[in-house]
Structure formats: C-alpha cells, structure tokens
Amino acid sequence: MTGRFYGVGLGPGDPELVTLKAARLIGAADVVAFHAGVGKQSNARRIAASLIPATAVEEELRYPVTTGPTAHPGGYAGAMADFYAESAARLAVHLEAGRDVVLLAEGDPLFYGSFMYMHDLLSPRFPTEIVPGVPAFAAATAAAATPLVRQTDVLTILPGTLPEPELARRLADTDGAIIMKLGRTFPAVRSALAQAGRLEHAVYVERASMDTERRMPVADVDPATVPYFSLVVVPGDSRHDEPAGRRASPVADASSDVVGGPAELLVVGLGPGPDAWVTPEVTAALAEVDHVVGYAPYVHRVPQRAGLTRHASGNTVEVDRARLALDLALAGERVAVVSGGDAGVFGMASAVFEAAEDPAYAAVPVRVLPGVSAVQAVAARAGAPVGADFAVMSLSDRLKPWPVIERRLRHVAEADLVLALYNPASRSRTEQVVRAQKVLLEHRSPDTVVVVGRDVGRAEESLLVTTLGALDADTIDMKCLLIIGATATRRTPSGAVWTPRSVPEE
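Residues numbered from 1 in each chain as written. Predicted model: local features only at pLDDT ≥ 70, side-chain atom pairs only at ≥ 80, totals over all residues. Heavy atoms only, no water.

1. Examining the overall build of the protein
Cut-off, in case you're wondering: Secondary structure is summarised from DSSP: a helix means a run of H or I of at least four residues, a strand means a run of E of at least two, and numbering begins at the N terminus for each. A radius of gyration in this sense is built from C-alpha atoms; the matching globule rule multiplies 2.2 Å by the number of residues raised to 0.38. Working definition: with a 1.4 Å probe on protein chains only, accessible area under 20% of the residue-type maximum means buried, over 50% means exposed, and in between means partly exposed. Here, two residues are considered to be in contact whenever any of their heavy atoms come within 4.5 Å of each other. For the area figures, the Shrake-Rupley method with a 1.4 Å probe applies, and any residue is considered shielded solely by the protein chains shown.
Helix and strand counts for the protein come out as 14 helices and 23 strands. Compactness check: the protein gives a C-alpha radius of gyration of 30 Å against a globular reference of 23 Å for 506 residues, more than 25% above the reference. With the principal axes as the frame, the protein shows a C-alpha extent of 95 × 65 × 40 Å. Buried positions account for 47% of the 506 residues belonging to the protein. Here the analysis covers contacts within the protein between residues at least 6 apart in sequence; of these, 71% occur between residues at least 24 apart. Here the protein has roughly 24,200 Å² of accessible surface; of this, 54% comes from carbon and sulfur atoms.

Here it is in structure tokens:
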C-alpha cells in the first residue's frame with residue numbers, strides 16, 4: 001500500500017493557532033516536508049517545530065529562486081516548474097514506500113500556497129487529504145481589531161503584484177479588501193489605495209500573530225521596511241464614509257441649492273478596446289470628472305484615481321444609468337457616461353437624450369465626445385470594405401420588432417449597400433443571424449464577401465473573411481461584428497477587402 005499525502009495548514013505563525021487535527025497528523029507523520037526560501041530557515045517548520053516527532057524523516061524543499069535572477073533557460077517559471085517536479089519526485093519515493101507524508105503549509109494550504117503545486121503533481125497518484133489552516137488575513141484582521149466586512153459587503157482579496165491601475169480599480173469597486181504579497185510592491189500598493197480613495201482607513205499588518213507583529217496606518221509605513229510577510233487590511237466600513245465633496249447618492253431636486261447650477265454631462269466613447277484607441281479628448285475629459293457611469297466592463301476600462309467615484313451597472317438598464325448620470329449632473333457633479341466604441345453608435349448617447357426629455361433635466365447640458373466605432377475598427381483590420389456607401393444595423397430585437405429588422409435588411413440588400421451588423425447574436429438570440437443570412441441571400445450572390453471581426457483590438461482578436469453563402473451562423477456571437485459586402489466589394493490577392501468608391505450608372 002502507498003502512503004497518504006497530507007497538506008496541513010499551520011495558520012499564520014503563532015503555534016497556538018495550529019488546529020488540533022493538524023497537530024495530530026504532524027505528530028503521527030512518517031515524513032514531514034516543508035518549503036524554505038533561499039538562504040532562509042523554513043517559517044513553516046518553525047511553527048510546527050514542537051509537534052514534529054523525533055522519528056520523522058524531514059524533507060526540506062528549498063526554492064532555487066525567490067525574487068532574484070536565475071540562469072535557468074526557462075526563466076523564473078521554468079526554474080520553479082523544475083523545482084516542483086523534483087520536489088514531488090522526492091516525496092513520491094516516500095509515498096510509494098508506504099510512508100505517510102505531511103507537507104507543512106503556512107496559513108491555509110490552498111491560499112496562495114506552494115502546496116497547491118505539489119497537490120497538482122501528487123494527488124492523481126496518491127490518496128491525499130487537505131487540512132485547512134487559519135489564513136494570514138484572518139490573523140491580520142484580528143490584529144487590526146477592525147470589522148472587515150458585514151451584512152452584504154463584498155470582500156476582495158488582491159495580490160499586490162497586480163498592475164497599479166488594475167489594483168486601484170478593484171479597490172474602488174469593492175467594500176472590504178485584503179492586499180497580499182507586499183514587499184517590493186508596497187509603493188505601488190499605497191499609490192493604488194490613494195487613487196481609490198481608500199488610503200485613509202487602510203491598515204498595515206506585518207507578521208500577524210507572531211512575536212514580531214507590527215501594525216500601523218498604511219500612510220505611516222516606510223516602504224523600505226516592508227517584508228513579504230505583511231499585508232494590508234481595507235475595512236469595508238471605510239467605503240461607506242464618503243470623502244468630502246463626494247456624494248453617496250444623487251439628489252435629483254437639489255439643483256436650486258447647488259452653487260453654480262447643474263454641471264455639463266459628458267457622454268464619451270472609449271473605442272472598441274485598446275487604450276491607444278481612446279481619443280486624447282476623451283482621456284482629458286475623464287481626467288476631470290468626479291463620476292463615471294456606465295456598463296460595468298466599460299467603467300472598468302477607466303483608470304481609477306483619487307476623487308473618482310465609479311457607478312457600474314449591468315446590461316439592459318441604459319435609461320436607468322442615464323437618469324443616474326443626469327441626477328448627478330443636476331446636483332452639480334461632473335459626470336461622464338461611458339460607452340464602448342462610439343457612444344452615438346448603438347451606445348449610451350441616445351439613452352441619455354431619451355432620459356433627458358424629462359423636463360426635470362432641462363437645465364442639464366449634454367455633450368457627446370466621439371470615439372472609434374467597432375465598424376471602423378473591423379473595417380480597418382479588413383482593409384476598406386466601407387470605402388463607399390454603407391449602412392449600419394443592429395440585429396437585436398430587444399428594442400425593435402423583428403419584422404422591422406427584416407424589412408430594413410431587404411431594403412439595404414436591394415439598394416446594394418455594404419452592411420455592418422452589430423449585436424448579431426447573444427445567449428438568448430441564436431436565430432437572428434440565420435434569418436438575416438436567408439433574407440440577404442434572396443438579393444445577394446452567395447459569393448458576396450463577408451468580414452467577421454471578433455474582439456477586434458483585444459488580445460483575443462480574430463478576423464475571418466468568407467462569403468455570404470459559406471457564413472457559418474453557429475460561429476457568430478455577441479463579440480462579433482459582421483460586414484456584408486456590396487456587389488462591387490472585392491478581395492485583393494493579399495486578402496484585403498475593399499469596396500470601390502465609384503458606382504457605374506445603371
């Protein structure tokens with residue numbers, strides 16, 4: 001019989017926080033394994049020292065590299081992959097011989113722990129059991145003596161190694177937060193906290209539950225003194241303490257009390273994806289507003305900074321979002337409503353003007369700033385398919401009935417216009433592309449050139465050039481934009497698609 005493999009959590013550092021089950025398994029182990037840093041003693045072994053029986057074989061698994069350089073041809077990732085494979089092989093020898101192996105893990109084995117990699121390699125071959133441990137952030141919260149989250153608050157655990165803008169965004173969008181993996185990342189973490197407006201209440205805790213524990217406000221910490229074994233606690237309660245000059249909720253009827261009256265409401269297009277496609281005008285505008293309102297994926301694209309409040313919401317509530325923005329502007333707040341692509345092309349601009357028809361918002365000026373539209377981006381990737389007259393339609397029947405869409409498709413096809421199709425499909429709309437294809441084939445040749453752009457401008461970008469007859473509707477989803485060529489649309493020998501500007505007389 002093979003031995004049993006145990007991943008045993010030891011808690012954050014205080015030996016008295018080791019669970020009874022963990023202590024029992026360590027005391028009965030044939031083999032006790034533990035990780036150690038380069039040139040350091042194992043902290044896990046220190047915690048469990050009094051529990052390890054004299055009869056146990058000890059296996060020290062010393063990392064080949066932590067933060068320093070490595071000569072490994074595969075770099076850091078390659079060096080660590082080889083290390084885990086070699087370590088697993090060492091432990092497998094004991095397990096195959098029938099010896100039980102306890103691998104010690106600081107905190108909890110499955111929370112940012114090295115045990116996980118050993119589990120991946122050994123659990124398919126040997127019976128495995130995991131014993132949870134008190135995670136470091138629980139000890140840090142206790143040390144800070146502050147409520148982390150309560151009632152419906154959301155807790156987010158973040159690695160300090162995230163890019164600073166992303167870290168700031170996530171801190172602004174959550175209630176309570178824990179930031180792990182500090183050390184050299186601390187200056188960027190503190191900057192992100194400031195940008196998110198969360199620095200004032202953030203608490204720094206170092207070596208929680210250990211004799212050398214240290215805690216203080218993050219703003220008072222000397223970055224040069226921050227070790228890896230430290231973290232930041234951001235209490236959820238702090239998010240509900242709105243800084244001066246920021247409102248937790250708009251007051252629609254407060255315009256008469258606002259000095260200077262209502263503020264101008266901006267509606268901006270962020271382009272289809274890359275930051276490079278956001279116009280300088282939009283970038284400058286977003287740097288000046290106090291609030292950003294929009295569909296969550298678009299709000300998340302706006303860099304977080306100090307003084308900025310984000311109002312993200314789900315899909316299909318465009319008019320509600322517009323009213324929120326108008327209420328804020330009416331109360332004198334500087335607000336930008338954001339859309340992907342161009343806000344005026346199936347974006348938030350129309351929804352804002354629709355909501356602004358309410359006489360209550362008559363005093364709010366609205367200004368739309370243009371953005372690169374999805375059809376422009378896909379057309380540019382393909383060549384010049386919209387170089388002549390073209391039409392743009394949405395296949396979504398959420399706001400207009402399908403018979404209207406079908407009638408317009410026929411008219412566009414009969415007029416022999418290039419046609420760009422937005423919103424071709426979704427999880428609940430799977431037949432529209434098939435039906436549109438059938439309608440268009442009644443008026444266009446099956447050889448008509450078709451461009452399918454998916455996630456253009458993003459890392460997952462793909463571009464397919466096919467024909468109307470060969471278009472596979474099952475491959476089309478909400479991330480796609482279709483460009484259906486006109487009779488004159490053609491492909492170059494290199495594969496580019498273009499439509500001539502001239503049209504012969506009929």
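2. Details of empty space enclosed by the protein
As a reminder, the rule being used: The distinction between a cavity and a pocket rests on a 1 Å grid over the protein atoms alone: a 1.4 Å probe fits inside a cavity but cannot get out, while a pocket stays open yet meets protein on both sides within 12 Å along at least five of seven lines, and a residue with an atom within 4 Å of a point counts as lining. Grid points are joined across faces, edges and corners, and a volume is the space filled by probe spheres set on the points. Ten residues, namely Ala, Val, Leu, Ile, Met, Phe, Trp, Tyr, Cys and Pro, are considered nonpolar, four, namely Asp, Glu, Lys and Arg, are considered charged, and the remaining ones, Gly among them, are considered polar.
Within the structure shown, the criterion is met by 1 cavity of 30 Å³ or more. Lining the largest cavity, in full, are Leu 395, Leu 421, Val 433, Ala 436, Gln 437, Leu 440, Leu 468, Leu 471, Leu 482 and Ile 484. When residues of the lining of the largest cavity are traced back to their parent elements, those giving at least two are helix 14 (432-441) and strand 21 (480-484). Classifying every residue of the lining of the largest cavity gives 9 nonpolar, 1 polar and no charged.

3. Considerations on the packing of aromatic side chains
Convention followed: Aromatic contacts are taken between Phe, Tyr and Trp rings whose centres are within 6.5 Å, Trp giving its six-membered ring; a plane angle under 30 degrees counts as stacked, one over 60 as edge-to-face, and the others as tilted.
Within this structure, the stated rule accounts for 10 aromatic pairs. Seen in terms of ring centroids, Phe 83 and Tyr 84 are 5.3 Å apart; in terms of plane orientation they differ by 50°. Their pairing is tilted. Side by side, Phe 83 and Tyr 84 carry an identical accessibility label, which is buried. An angle of 50° between the planes, with centres 5.6 Å apart, marks the rings of Phe 111 and Phe 137 as tilted.

4. Some words on a nonpolar patch on the surface
Put simply, the test is: Candidate patch residues must exceed 30% relative accessible area and have no salt bridge, after which like charges are joined if within 9 Å and Val, Leu, Ile, Met, Phe, Trp or Tyr side chains if within 5 Å. A pairing counts as a salt bridge when a side-chain nitrogen of Lys or Arg comes within 4 Å of a carboxyl oxygen of Asp or Glu.
Together, Phe 346, Phe 390 and Val 392 make up a nonpolar patch on the protein surface, roughly 250 Å² of accessible area in all. One can find Val 392 in strand 17 (residues 390-394).

5. Some details on the environment of Gly 294
With respect to the element layout, Gly 294 can be found in strand 12 (residues 291-295). With 43 residues separating them in the primary sequence, Gly 294 and Val 337 have C-alpha atoms 5.7 Å apart. With near-sequence residues (within four places) excluded, Gly 294 lies in contact with Val 299, His 311, Ala 312, Ser 313, Arg 321 and Val 338.

6. Description of unusual backbone geometry
Not every positive phi belongs to a glycine, and Lys 181 is a case in point at roughly 55°. Looking at where Lys 181 falls in the secondary structure, it is placed in the loop between strand 7 (176-180) and helix 7 (186-195). One non-glycine residue, Asp 455, lies in positive phi territory at about 50°.

7. Details of the packing of helix 10 (residues 318-330) against helix 11 (residues 348-355)
Rule in force here: Lines fitted to C-alpha atoms define the axes, with helix axes restricted to the stretch in contact, and inter-axis angles between N-to-C directions lie between 0 and 180 degrees. Handedness of a helix crossing follows the sense of rotation of the near helix relative to the far helix, less than a right angle counterclockwise being left-handed and clockwise being right-handed.
Relative to each other, helix 10 and helix 11 sit at 65°, their axes nearing to 8 Å. Here helix 10 and helix 11 pass one another in a crossing that is right-handed. Counted together, Glu 318, Val 319, Arg 321, Ala 322, Arg 323 and Leu 326 of helix 10 and Met 348, Ala 351, Val 352, Glu 354 and Ala 355 of helix 11 form the full contact between these two elements. The residue makeup of the contact of helix 10 with helix 11, split by class, is 7 nonpolar, no polar and 4 charged.

8. A word on the pairing of strand 12
Successive side chains on a regular strand alternate, one facing one side of the sheet and the next facing the other. The cut-off we apply is this: Strands pair, by our definition, only if DSSP identifies at least two bridges between them.
The buried count for strand 12 comes to 4 of 5 residues, which makes it a mostly enclosed element. For strand 12 and strand 13 (residues 309-313), the ladder comprises 5 bridges, and the chain directions are parallel. Paired with Tyr 295 across the bridge in strand 13 is Ser 313. Across 4 bridges, the pairing between strand 12 and strand 14 (residues 335-339) is parallel. Residue Gly 294 lies in a different strand from strand 14, and its bridge partner there is Val 338.

9. Remarks on the packing of helix 6 (residues 164-173) against helix 7
Condition: Note on angle classes: values under 35 degrees are labelled roughly parallel, values over 145 roughly antiparallel, values of 65 to 115 roughly perpendicular, and the remainder oblique.
Running from amino to carboxyl end, helix 6 crosses helix 7 at an angle of 45°, the nearest separation of the two axes being 8 Å. With respect to each other, helix 6 and helix 7 are oriented oblique. When the axes of helix 6 and helix 7 are compared, the crossing they make is right-handed. Residues Glu 164, Leu 167, Ala 168 and Leu 171 of helix 6 touch helix 7, and the partners they reach there are Ala 188, Val 189, Ser 191, Ala 192, Leu 193 and Gln 195. In terms of residue class, the contact of helix 6 with helix 7 is built from 7 nonpolar, 2 polar and 1 charged.

10. Describing the environment of Arg 214
Within the secondary structure layout, Arg 214 lies in strand 9 (residues 214-217). Of the residues examined, Arg 214 reaches a relative accessible area of 28% and is grouped as partly exposed. Each C-alpha atom, one on Arg 214 and one on Ala 143, is 8.9 Å from the other, the two residues being 71 residues apart in sequence. Each residue touching Arg 214, except ones within four places of it in the same chain, is listed here: Tyr 204, Val 205, Glu 206 and Thr 225.

11. Considering the confidence of the model for the protein
Filter applied, for reference: Scored from 0 to 100, pLDDT reflects the predictor's confidence in each residue.
Looking at the protein, pLDDT values average 92 and 96% of them are 70 or higher. The model gives residues 242-257 a pLDDT under 50, and that stretch makes 18 contacts with residues more than four places away or in other chains.

12. Observations regarding helix 13 (residues 402-414)
As a reminder of what qualifies: To estimate how far a helix should reach, multiply one less than its number of residues by 1.5 Å.
An ideal rise of 1.5 Å per residue puts 18 Å on 13 residues; helix 13 measures up with 18 Å between its terminal C-alpha atoms. At its buried positions, helix 13 is contacted by strand 17, strand 18 (418-422) and helix 14. At the exit of helix 13 stands Asp 416, carrying a positive phi of roughly 55°.

13. Some words on the environment of Thr 225
Convention followed: Here a polar contact means two N or O atoms within 3.5 Å. Within protein one must be a hydrogen donor candidate and the other an acceptor candidate, and residues neighboring in sequence count only if both atoms are side-chain atoms.
Within the secondary structure, Thr 225 sits in the loop between strand 9 and strand 10 (230-234). Along the primary structure Thr 225 and Phe 186 are separated by 39 residues, whereas in three dimensions their C-alpha atoms are 9.8 Å apart. Setting aside residues no more than four positions away along its own chain, Thr 225 makes contact with Tyr 204, Glu 206 and Arg 214. There is a polar contact of 3.1 Å between the side chain of Thr 225 and the side chain of Arg 214. Separated by 2.8 Å, the side chain of Thr 225 and the backbone oxygen of Asp 222 make a polar contact.

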